[in-house]
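# An overview of the molecular structure
Now for the letters of each chain:
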Protein chains: 2
Amino acid sequence: MNLKQLSETLGLSQTTVSRALNGYPEVKEATRQRVLLAAEQSGYRPSTRAKGLATGQALAIGHVIPISSKHEMVNPIFGDFIAGAGETYAQNGYEMILTTVDDAQEEQIYRGLKARRAVDGVVVHGPRMDDPRIALLHDLELPFVVHGRASGATTAYDWLDVNNRSAFYRATSFLCDLGHRRIGLINGLETMDFAHRRRAGYAGALKDHNIPIDQALMTSGEMTEGNGYDGTLEMLASSAPPTAIIASSMISALGVRRAIEERGYVMGRDISVITHDDMLSYLQNGQDVPIFTATRSSVRDAGRRLAALLLRRIANPAAPEQHELLEAELMLGRSTGPAPLQAPLHISPSSPQKGPHP
Amino acid sequence: MNLKQLSETLGLSQTTVSRALNGYPEVKEATRQRVLLAAEQSGYRPSTRAKGLATGQALAIGHVIPISSKHEMVNPIFGDFIAGAGETYAQNGYEMILTTVDDAQEEQIYRGLKARRAVDGVVVHGPRMDDPRIALLHDLELPFVVHGRASGATTAYDWLDVNNRSAFYRATSFLCDLGHRRIGLINGLETMDFAHRRRAGYAGALKDHNIPIDQALMTSGEMTEGNGYDGTLEMLASSAPPTAIIASSMISALGVRRAIEERGYVMGRDISVITHDDMLSYLQNGQDVPIFTATRSSVRDAGRRLAALLLRRIANPAAPEQHELLEAELMLGRSTGPAPLQAPLHISPSSPQKGPHP
DNA sequence: ATCAAAATTCAAAGCGCTTTGGAATACCGT
DNA sequence: ACGGTATTCCAAAGCGCTTTGAATTTTGAT
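What you see is a predicted model, and the numbers here were worked out from it, not measured in a lab.

### Side note on the nonpolar core
Tyr89 and Leu98 of chain A together with Tyr89 and Leu98 of chain B are the most contacted members of the largest nonpolar core, which has 128 residues in total. Ignoring sequence-local partners within four residues, the contact set of leucine 98 of chain B consists of Ile82, Met96 and Leu98 of chain A together with His63, Ile65, Phe78 and Ile82 of chain B. In terms of nonpolar packing, the next biggest core, distinct from the first, is built from 42 residues, Val119 and Ala150 of chain A together with Leu142 and Ala150 of chain B among them.

### Quick look at helix α6 (residues 106–115) of chain B
Residues and elements named next belong to chain B. Listing the buried residues of α6 in full gives Glu106, Tyr110, Gly112, Leu113 and Ala115. Looking at the packing, one finds that the buried side of α6 touches β1 (60–66), β2 (95–101), β3 (121–124) and α7 (132–140). One or two steps after α6, the chain reaches arginine 117, where phi turns positive at roughly 55°.

### What about the interface of chain B and chain A?
Between chain B and chain A, the contact holds 66 residues from the first and 68 residues from the second. Where chain B abuts chain A, roughly 5,600 Å² becomes buried across the two surfaces, and 56% of that area is made up of carbon and sulfur atoms. Looking only at chain B, the three residues that lose the most surface to chain A are Arg49, Arg116 and Tyr282 of chain B, adding up to 14% of its buried area. Joining chain B to chain A, the criterion identifies six salt bridges.

### Description of the protein's contact with DNA strand C
The environment of DNA strand C is made up of 29 residues, and the closest members are Leu3, Ser18, Arg19 and Tyr24 of chain A together with Thr15 of chain B. When the atoms of DNA strand C within 4 Å of the protein are grouped by moiety, sugar and phosphate amount to 59% of the total. Serine 47 of chain A has a polar backbone atom sitting 3.1 Å from a phosphate oxygen of DNA strand C. For the surface near DNA strand C, the secondary-structure elements that each account for two or more residues are α2 (14–21) and α4 (48–55) of chain A together with α2 (14–21) and α4 (48–55) of chain B.

### A closer look at the protein's contact with DNA strand D
For DNA strand D, the set of nearby residues contains 30 residues, the closest of which are Thr15 of chain A together with Leu3, Ser18, Arg19 and Tyr24 of chain B. The sugar-phosphate share of atoms of DNA strand D within 4 Å of the protein amounts to 59%. Here a phosphate oxygen of DNA strand D sits 2.9 Å away from a polar atom, N or O, in the side chain of threonine 31 of chain A. Note that a base nitrogen of DNA strand D is positioned 3.4 Å from one of the backbone N or O atoms of alanine 50 of chain B. Where the surface near DNA strand D is concerned, the elements lending two or more residues are α2 and α4 of chain A together with α2 and α4 of chain B. The element that contributes the greatest number of residues to the surface near DNA strand D is α4 of chain B, accounting for five residues. For the surface near DNA strand D, the per-class residue count stands at 11 nonpolar, 12 polar and seven charged.

### A look at the relation of the copies chain B and chain A
Note on the chain copies: they are related by a rotation about an axis and a translation along it. Of the two same-sequence chains, chain B is brought onto chain A (RMSD 0.0 Å, axial shift 0.0 Å) by a rotation of 180°. Expressed as an axis order, the relation between the two copies is that of a two-fold axis. Comparing interface residues between copies, 100% of those in chain B also sit at the interface in chain A, which points to an isologous, same-surface contact.

### Focus: the domain arrangement of chain A
Residue and element names in this part refer to chain A. Considered domain by domain, chain A is made up of domain 1 (60–162 + 300–327) and domain 2 (164–297). Across the boundary between the two partners, domain 1 contributes 17 residues, which contact 19 residues of domain 2. Note on domain 1 versus domain 2: buried area summed over both sides is about 1,500 Å², and carbon and sulfur give 50% of it. In this assembly, domain 1 and domain 2 are joined by zero salt bridges. Across the contact surface, domain 1 and domain 2 share eight residue pairs in polar contact (both at pLDDT 80 or more). Across the side of domain 1 that touches domain 2, the residue classes break down as seven nonpolar, four polar and six charged.

### A few points about the side chain of glutamate 95 of chain B
Topologically, glutamate 95 of chain B is positioned in strand β2. Look at glutamate 95 of chain B and you get buried, because its relative accessible area is 9%. Only 2.9 Å separates the side chain of glutamate 95 of chain B from the side chain of arginine 116 of chain A, close enough to count as a polar contact. Those residues in contact with glutamate 95 of chain B that sit more than four places away from it in its chain are Ile97, Arg116 and Ala118 of chain A together with Thr48, Leu59, Ala60 and Ile61 of chain B.

### Quick notes on the environment of glutamate 321 of chain A
Residues and elements named next belong to chain A. For glutamate 321, the location among the structural elements is in the loop between α12 (299–315) and β11 (323–326). Sequence spacing of glutamate 321 and alanine 294 is 27 residues, and the spatial spacing of their C-alpha atoms is 31 Å. Setting aside anything within four residues of it in sequence, one finds glutamate 321 in contact with Ala156, Tyr157, Asp158 and Arg313.

### Digging into the pairing of strand β9 (residues 272–277) of chain A
Residue and element names in this part refer to chain A. Most of β9 is tucked away: six of the six residues are buried. With burial as the criterion, each face of β9 is covered, one bearing Ser272, Ile274 and His276 and the other bearing Val273, Thr275 and Asp277. Of the pairings in the sheet, the one linking strand β8 (residues 244–247) to β9 comprises four bridges and is parallel in character. Bridged to alanine 244 within β9 is serine 272.

### Some details on empty space enclosed by the protein
Taken as a whole, this structure holds four cavities of 30 Å³ or more when the rule is applied. Computed from the structure, the largest cavity encloses a volume of approximately 100 Å³. As for the largest cavity, its lining consists of 13 residues, and the residues nearest its centre are Arg49 and Ile97 of chain A together with Arg49, Glu95 and Ile97 of chain B. Of all the secondary structure elements, the ones that give two or more residues to the lining of the largest cavity are α4 and β2 (95–101) of chain A together with α4 and β2 of chain B. Its residues assigned to classes, the lining of the largest cavity comprises seven nonpolar, two polar and four charged.

### Re the packing of helix α5 (residues 78–92) of chain B against helix α12 (residues 299–315) of chain B
Residues and elements named next belong to chain B. At a minimum axis separation of 6 Å, α5 and α12 run at an interaxial angle of 40°. Taken together, α5 and α12 sit at an angle that is classed as oblique. For the pair α5 and α12, the crossing hand works out as right-handed. Between α5, through Asp80, Phe81, Ala83, Gly84, Ala85, Glu87, Thr88, Tyr89 and Asn92, and α12, the contact on the second element is made entirely by Val299, Arg300, Ala302, Gly303, Arg304, Leu306, Ala307, Ala308, Leu310 and Leu311.

### Here's the deal with the sheet that holds strand β9 (residues 272–277) of chain B
All names here are of chain B. On the basis of which strands lie adjacent, the open sheet formed by six strands has the order β7-β6-β8-β9-β10-β12 and mixed pairing. Each having just a single partner strand, β7 (218–220) and β12 (329–331) make up the two edges of the open sheet. Neighbour-to-neighbour, the strand axes of the sheet open up by a mean angle of 15°, direction not taken into account. Examined bridge by bridge, strand β6 (residues 183–187) and strand β8 (residues 244–247) share four bridges and lie parallel to one another. Counterpart to isoleucine 183 in the pairing with β8 is alanine 244.

What counts as what
Residues numbered from 1 in each chain as written. Chains lettered and ligands numbered in written order. Predicted model: local features only at pLDDT ≥ 70, side-chain atom pairs only at ≥ 80, totals over all residues. Heavy atoms only, no water. Core = buried A, V, L, I, M, F, W, Y, C linked by side-chain atoms within 4.5 Å. Buried < 20%, exposed > 50% of the residue type's maximum accessible area, 1.4 Å probe, protein only. Contact = heavy atoms within 4.5 Å. Helix = DSSP H or I, 4+ residues; strand = E, 2+ residues; numbered from the N terminus. Buried area = accessible area lost by both parts, 1.4 Å probe. Salt bridge = Lys/Arg side-chain N within 4 Å of Asp/Glu carboxyl O. Near = heavy atom within 4 Å. Polar contact = N/O pair within 3.5 Å; in protein donor to acceptor, adjacent residues only side chain to side chain. Nonpolar A, V, L, I, M, F, W, Y, C, P; charged D, E, K, R; others polar. Least-squares fit on C-alpha atoms with pLDDT ≥ 70 in both. Domains from an automatic or database assignment. Pairing = 2+ DSSP bridges. 1 Å grid on protein atoms, 1.4 Å probe; cavity = no way out; pocket = protein on both sides within 12 Å on 5 of 7 lines; lining within 4 Å. Points joined across faces, edges and corners; volume = space filled by probe spheres on them. Axes fitted to C-alpha atoms, helices over the stretch in contact; angles between N-to-C directions. Parallel < 35°, antiparallel > 145°, perpendicular 65-115°, else oblique. Left-handed = near helix turned anticlockwise from the far one by under 90°.

As structure tokens, then:
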């Protein structure tokens, strides 16, 4: 069923039917109702393509998901973020077009999206330090918003970010106030902007508590269980092991916990742990009382809001830049406690296992 | 830059330019080169919409992701699956359109996709028992393929599935052969078709080893860390606890491990664990030696293959149904060992923790 | 040189929608 | 009843591409 057929059925012109459907005022109310009913009954829906051609809009948003070509890794927050953004799009009649791409082809993809007029705007995921995409999209005049920020960008742009710096500042301060002086940081890849900010928050808090920074207590890498495990094991093996560890994601934190327990320590008593928690739907941090003390911020909510930001930008290209800085909550869980008075006894691990990742 | 402009630049008709670009034979080779070069230099790319309108193809594939309206959960395998499918689409010039939807609106979404001619075909995710989507899509005459199978479907359809039954049969048999007689199953939601098949494999193996089925050793639910933990704790607390547990996903397995260790048992010695491993990029099962013994099958690879299946279906709507049944490998890891000669001593847990999810 | 066949190019129609510029009809006060 | 204004509807153009059917040029054989 297309417009022509529908209008013939009704004995009206395509113009009138189109206007009735799109809510224009120059059509009699009775006629509109008649059209609406007929459209409903026949299941008529305008062709996306034809409509897009006629209006010049794509009614679609592009999400270009970078997949680290080295580790072939898909960011685990991705599913929940998309779910959030999808809600917003659905409410506004937009479609979501997904492209996965490794870093090398990124520029091509954005240029293609623009040249083919496939989308009205894009969401930039996982901004890196001095991310070249900002300038590129700016030059292409393709509306975009960034999930996170890209330090070093020379042009203004719309973004939504968690206040990573303050979150990690608070987490670190909280541990300091509990008496911890040796605090480890299992960070994400520091080419990523957010990891950079988190470290700044961590370092800032240590400085404010007059605690020197120890390179041996900082690792960075992809946020996998394995890296959390490896990093923790390494720190624990050092001559001056930490009494607390901050992890950058729930996934790494699971590895941190595994290493701690495998070494025979008790999390929350011998070693305190704080993690950042994106509130992924399949990895909930406890039901009532959180297992992990965590800096918490819903990535799904971020998706919803960021999508809204983009739609606003598209509706009004000349508006001033929009920014949204979400503060993470510090949720108290069972994984933190006062610093042990002395270095924890090193109980021999209950399991002789000592190996790679789960 | 559009076709008209490009053709004027070249002093050729739109027809010729279009044909040169699309590889038709009726254009002189020298002309084609000239056109190709000009297109390259000017960055010309045909408008997706215009092309789609003219050809009647959408050059897009729809993925409709069900989000359990109850738990608001996004399946964690989703990201990797999409990454795989995306590779195939990119190679073939297709776009991926993503829609997230809760069960109630599913039908509407598919009808909309069809009526608006937004996609050339769709991938059905997470088929349930007697899934109504199969019949619906069949009626709509919208080409589709299914990731998994839907028992009870009355029409033939294309699918790609892991042989869940044989995988869980082998895992269970393997444990039986190691002497285990009380084997727990932490299954996915049994409204899901795959969970049903897995239980059938598990039950079949027990039967073949003359081991009665014990309802107390079977749980099912969303595959979260928390459910893995809760289920395990419950089984371990029973009067006749299992000596081995099979988990339906790495995420649940992490919960299983937490419960085991929290109770003071050693995984692989006191309690054996086998999990299904989808080879998610951020949850690798060890580097060299797997942590968990696992039935392994790459969901990313499944995405790649299933997408190819769909493109073939679209190219040839009348072809006979295509099926691909992938066998999971049984990877030996550190989490399994011979059944303890007697019920494991119940060492008091090293941690007094006893609580909800991690 | 000549003419049919092959190779190359083009003008125009059409895909399904929106939107412009009118045309037709209804309504108002006088 | 009449001119004028609102209201309601419509024909046709246009969005950027592909494709049909025809025109033009080249080629090859005589």
